[in-house]
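# Structure assessment
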Amino acid sequence: MSLPALLLVHGAWHDSPAWQLLASCLPDVDVRTVRLPSTGEDPALLGDLYADAERIEAVLGEVGGPAVVLGHSYGGAPVSQTQAGPGIVRVIYLAAMMQDVGDTVLTPTGGVHPPYWDVHEDEGDRPGHFGVSDPVDVLYNGVDPQLAESVAASLRLQSLASVTQPLTRAIWHDVPSSYIVCEQDRAIPAAFQHSMARQADRVRPMDSGHSPFLSHPAELARLIREEMAV
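No experiment lies behind these values; they were computed from the predicted model shown.

Taken together, the six strands give an open sheet; going across it, the order is S2-S1-S4-S5-S9-S10, and neighbouring strands pair in parallel fashion. Of all the strands in the sheet, just strand S2 (31–34) and strand S10 (202–206) have a single pairing partner and so form its edges. On average, each strand axis in the sheet is inclined to that of its neighbour by 20°, with strand direction left out of account. The pairing of strand S9 (residues 177–182) with S10 spans five bridges and is classified as parallel. By the bridge assignment, Val181 is partnered in S10 with Pro205. Of the strands in this sheet, strand S1 (5–9), S2, strand S4 (67–72) and strand S5 (88–94) are in contact with helix H2 (residues 49–63), which crosses S2 at around 155°. Sheet strands touched by helix H7 (residues 190–197): S9 and S10. Its angle to S9, the strand with the most contacts, is close to 170°.

In structure tokens form, the structure reads like this:
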């Protein structure tokens, strides 16, 4: 059976190369990636949540056929904000923010930043942004240490606007959805993932940390393939 295309949407601080190991485990799938505007090196050039959703929609337009969209971590927010169209056949949330209209990424914490965020508020013409403290421990537990250090060194800045703007739509109301819970996650606790996952049509657990695309790419690829075939 022919599978739809798969669009992988990275989380905060990351970029498309983070998906290489996972993509190599899906050689028969048309895997696409997207570089979100909210992530980059220059705070002045960072986009916001809505720009991220528009970028996802633009890439989906290039696919020109049925597609499954997977969002990791923060990436779940712009995936939810994406306009549902006939080409999107399923959305998959991977240890991701699966929230409803009116929510921001920081709604669950009452606007308080997680302790591992290195936050820089707006300062004159310099927009607010944040990095991540101790990413190897928080984001990459279970990942080969050398690989974890290499990926951590490539992380960029994330715009504060992207986590403080409210969703104006939630695609999972209109499109079938799956949630992959990472049970050993140190960035987004598994209990919180399970609370969000109650909104999904299907829930799949993984015994992994926050980044199974690095620690368990073959196992994650198998789960994704199964969800794409539903």
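What follows is about the pattern of salt bridges. Across all of its chains, the model carries 10 salt bridges by this definition. A salt bridge links Asp30 to Arg32, with the nearest nitrogen and oxygen atoms 2.9 Å apart. Here Arg222 and Glu226 are joined by a salt bridge, their closest N and O atoms 3.2 Å apart. Taken together, the residues Arg222 and Glu226, both in helix H9 (residues 217–228) and four residues apart, mark about one turn of the helix. Residue classification places Arg222 among the partly exposed positions, given a relative accessible area of 42%.

On to the nonpolar core, then. Core analysis: the largest hydrophobic core is formed by 74 residues, its most contacted members being Leu6, Trp13, Leu22, Tyr93, Tyr140 and Ile224. If near-sequence neighbours (up to four positions away) are discounted, Trp13 is found in contact with Thr39, Tyr116, Trp117, Phe130, Gly131, Val132, Leu139, Leu155, Arg156, Leu157 and Gln158.

Criteria and cut-off values
Residues numbered from 1 in each chain as written. Predicted model: local features only at pLDDT ≥ 70, side-chain atom pairs only at ≥ 80, totals over all residues. Heavy atoms only, no water. Pairing = 2+ DSSP bridges. Helix = DSSP H or I, 4+ residues; strand = E, 2+ residues; numbered from the N terminus. Axes fitted to C-alpha atoms, helices over the stretch in contact; angles between N-to-C directions. Contact = heavy atoms within 4.5 Å. Salt bridge = Lys/Arg side-chain N within 4 Å of Asp/Glu carboxyl O. Buried < 20%, exposed > 50% of the residue type's maximum accessible area, 1.4 Å probe, protein only. Core = buried A, V, L, I, M, F, W, Y, C linked by side-chain atoms within 4.5 Å.

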